[in-house]
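Below are the chains, spelled out letter by letter.
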Amino acid sequence: MNSLRVRIGVLGLALLAGLAAPTTTATAGTAPAGTAAAPTAEEQRLDRAVPQEILQRSGFDTVTPEFARALGRAHSFAQARQIVVREGSALWRRAVDRAQGRGPARGDLSRDDDRPLYWARLGMTRHIRTYEPGFALSDRQRATLLDELERTSRGQTELRYPRGKGVKRILVTGFDPFTLDRDVRISNPSGATALALDGTVIETAAGPARVEAAVFPVRWQDFADKTVERTLRPYLPAVDLFTTVSQGRVGRFDVERTNGAWRGGFPDNDNASVTGTVPVTDPASQPQWTTTTLPYAAVVAADTGRFPVYDNTSVTEIPAGGTAAVVRPDGPTPGSAARAGGGGDYLSNEIAYRATLLRDRLGLHDALPGGHVHTPVLQFGAGNTDPASGAVTDPEFVRNRLDIIGQVRAILTVAANAALKG
């Protein structure tokens, strides 16, 4: 997820009809009714043939119809909110259970696939966005329902660690698929890793370590609205190690040494483009750069899997007193302005910047190992590279994703062994 992008053609496929919402009127004594909105650019992709096939082949095609029926039984905003929270949490648990082999697969799509969760969530958010209930629903209340669904269905409210000192705590984040207008079949191995590792235990030299995971959207506005800080702030003081994870370069892992306070403007999943300084609370004290505290030397030196792992020290900066951007292979120079971290200038760099800045502002820089890991680009098999006619999955695609998931787990184990004490 950075400025190095895979060039893939745009996929054009037949559209399918969405669910129709019932027309109702507001009742007296309730909040003023808002206006149902049109689906977002991200939600509109749901009508293409590939997302529908992914939902059908995973059994997740029933999620939105069942959600719509449940929400249709709500008689108040409070009831609707309870339903959204319940169903959002259930979707996350269902996706985690499927990824970890619990319960029936409900389809022939491999269990490690992160895409059913992504497309099912979009079906649910689209339904809320166009929902017209039999009670008054203000725009603010509708936004609350959307926020509750986003947080619960991404595992952001499901981060639960055991009490006591016997088990170490590791926090991992992943991302949704992105660049879907280039190839709507895309999966994101970081999101698949989050599903595969959530709630699992890694055995380390310091003892067992429980991993909890959450997934984030690929949307600039959500990050400006502080979704990262809102999710991570309650947990960073209590965890022993964290890493944000995203998809990066072809054929390699990277431990990103430095993160930059700059947005490069590449379009997000809503086709929005934003360029400028990363917006944070208290910008007057905002640094241009933050750094990893992961034990990168140990990770790079270890045999963690078939993909090479690099300590990436490169950044792009405007030097102090200069006007032109310069690539610095060995990191930023004093007083420079960020134009790209090691992880680029997209949302993978931004989540790394935000998480490590939060670590530092909480006074944890010297106490908490944390940073960003880029996975290899998840590639389809050699004969399945045409997005217009290719299959939604193939054996090499599945093997690549499983190998990436396994290697992230191995990287976490090495990092925990190097950084944590018993």
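Scroll up to find the structure this text is about.
Rules and cut-offs
- Residues numbered from 1 in each chain as written.
- Predicted model: local features only at pLDDT ≥ 70, side-chain atom pairs only at ≥ 80, totals over all residues.
- Heavy atoms only, no water.
- Salt bridge = Lys/Arg side-chain N within 4 Å of Asp/Glu carboxyl O.
- Axes fitted to C-alpha atoms, helices over the stretch in contact; angles between N-to-C directions.
- Helix = DSSP H or I, 4+ residues; strand = E, 2+ residues; numbered from the N terminus.
- Parallel < 35°, antiparallel > 145°, perpendicular 65-115°, else oblique.
- Left-handed = near helix turned anticlockwise from the far one by under 90°.
- Contact = heavy atoms within 4.5 Å.
- Nonpolar A, V, L, I, M, F, W, Y, C, P; charged D, E, K, R; others polar.
- Expected span 1.5 Å × (residues − 1).
- Buried < 20%, exposed > 50% of the residue type's maximum accessible area, 1.4 Å probe, protein only.
- Phe/Tyr/Trp six-rings, centres within 6.5 Å; stacked < 30°, edge-to-face > 60°.
- Lys NZ or Arg CZ within 6 Å of the ring centre and 35° of its normal.
- Pairing = 2+ DSSP bridges.
- 1 Å grid on protein atoms, 1.4 Å probe; cavity = no way out; pocket = protein on both sides within 12 Å on 5 of 7 lines; lining within 4 Å.
- Points joined across faces, edges and corners; volume = space filled by probe spheres on them.

1. Some details on the pattern of salt bridges
So, step 1. As enumerated under the stated definition, the model contains 33 salt bridges in all.
So, step 2. Residues participating in the shared-partner salt-bridge network are E42, R121, E150, R154, D176, R219 and D222.

2. Some remarks on the packing of helix 4 (residues 77-99) against helix 6 (residues 139-153)
The axes of two packed helices give the description: the angle between them and the distance between them.
So, step 1. Relative to each other, helix 4 and helix 6 sit at 20°, their axes nearing to 7 Å. Relative to helix 6, helix 4 is oriented roughly parallel. Seen from above, helix 4 lies across helix 6 with right-handed handedness. Facing helix 4, whose interface residues are F77, A80, R81, V84, V85, G88, S89, L91 and W92, helix 6 presents Q141, T144, L145, E148, L149, T152 and S153.
So, step 2. Class assignment for the residues of the contact of helix 4 with helix 6 results in eight nonpolar, six polar and two charged.

3. Considerations on helix 11 (residues 347-361)
So, step 1. For helix 11, which comprises 15 residues, the first-to-last C-alpha distance of 20 Å matches the rise-based estimate of 21 Å (1.5 Å per residue) to within 8%.
So, step 2. Where burial is concerned, most of helix 11 is hidden: 13 out of the 15 residues are buried.
So, step 3. Immediately downstream of helix 11, the backbone of G363 shows phi near 75°, a positive value.

4. Topic: the packing of aromatic side chains
So, step 1. Taken as a whole, this structure holds nine aromatic pairs when the rule is applied.
So, step 2. Sitting over the ring of Y310, R252 keeps its end group 4.1 Å from the ring centre.
So, step 3. Above the ring of W262, the side-chain terminus of R339 is found at 3.7 Å from the ring centroid.

5. Considerations on the pairing of strand 4 (residues 241-247)
So, step 1. With seven of its seven residues buried, strand 4 lies for the most part within the structure.
So, step 2. Side chains of strand 4 alternate between two faces, with L241, T243, V245 and Q247 and F242, T244 and S246 buried alike.
So, step 3. Across four bridges, strand 1 (residues 168-175) lies against strand 4 in parallel orientation. Across the sheet, the residue bridging to T173 is T244, located in strand 4.

6. Let's talk about the sheet that holds strand 5 (residues 253-256)
So, step 1. Spatially, seven strands are ordered 2-3-1-4-14-5-10 in an open sheet, and the strand pairing comes out mixed. The strands lining the two open edges of the sheet, one partner per strand, are strand 2 (201-204) and strand 10 (309-312). In this sheet, neighbouring strand axes are inclined to one another by 25° on average, regardless of whether the strands run parallel or antiparallel.
So, step 2. Of the strand pairs in this sheet, strand 4 and strand 14 (residues 370-375) are connected by six bridges, and their pairing is parallel. Each bridged residue has a counterpart across the sheet, and for T244 the counterpart in strand 14 is H372.

7. A look at the side chain of E42
So, step 1. With respect to the helices and strands, E42 occurs in helix 1 (residues 41-44).
So, step 2. If we ignore the near neighbours within four places in the chain, the residues touching E42 are Y118, W119, L122, D176, R219, N269 and D270.

8. Observations concerning the layout of surface pockets
Once rolled over the atoms, a probe with the size of a water molecule shows which space is left empty.
So, step 1. Put simply, the largest pocket is a space of about 530 Å³.
So, step 2. Lining the largest pocket are 26 residues, with D147, E150, R219, D222 and D225 positioned closest to its centre.
So, step 3. Put simply, the parts of the chain that give the lining of the largest pocket at least two residues each are helix 1, helix 5 (115-130), helix 6, helix 8 (220-224) and helix 9 (227-232).
So, step 4. In the lining of the largest pocket, the residues fall into six nonpolar, six polar and 14 charged.

9. Focus: the sheet that holds strand 13 (residues 337-340)
So, step 1. In spatial order, the strands read 12-11-13; together these three strands make up an open sheet with antiparallel pairing. Both edges of this open sheet fall to strand 12 (326-328) and strand 13, since each of them pairs with a single strand only. Averaged over all neighbouring strand pairs, the angle between strand axes comes to 45°, with direction disregarded.
So, step 2. Where strand 11 (residues 315-318) meets strand 13, three bridges bridge the pair, whose relative direction is antiparallel. From the neighbouring strand, E317 faces strand 13, where its bridge partner is A338.

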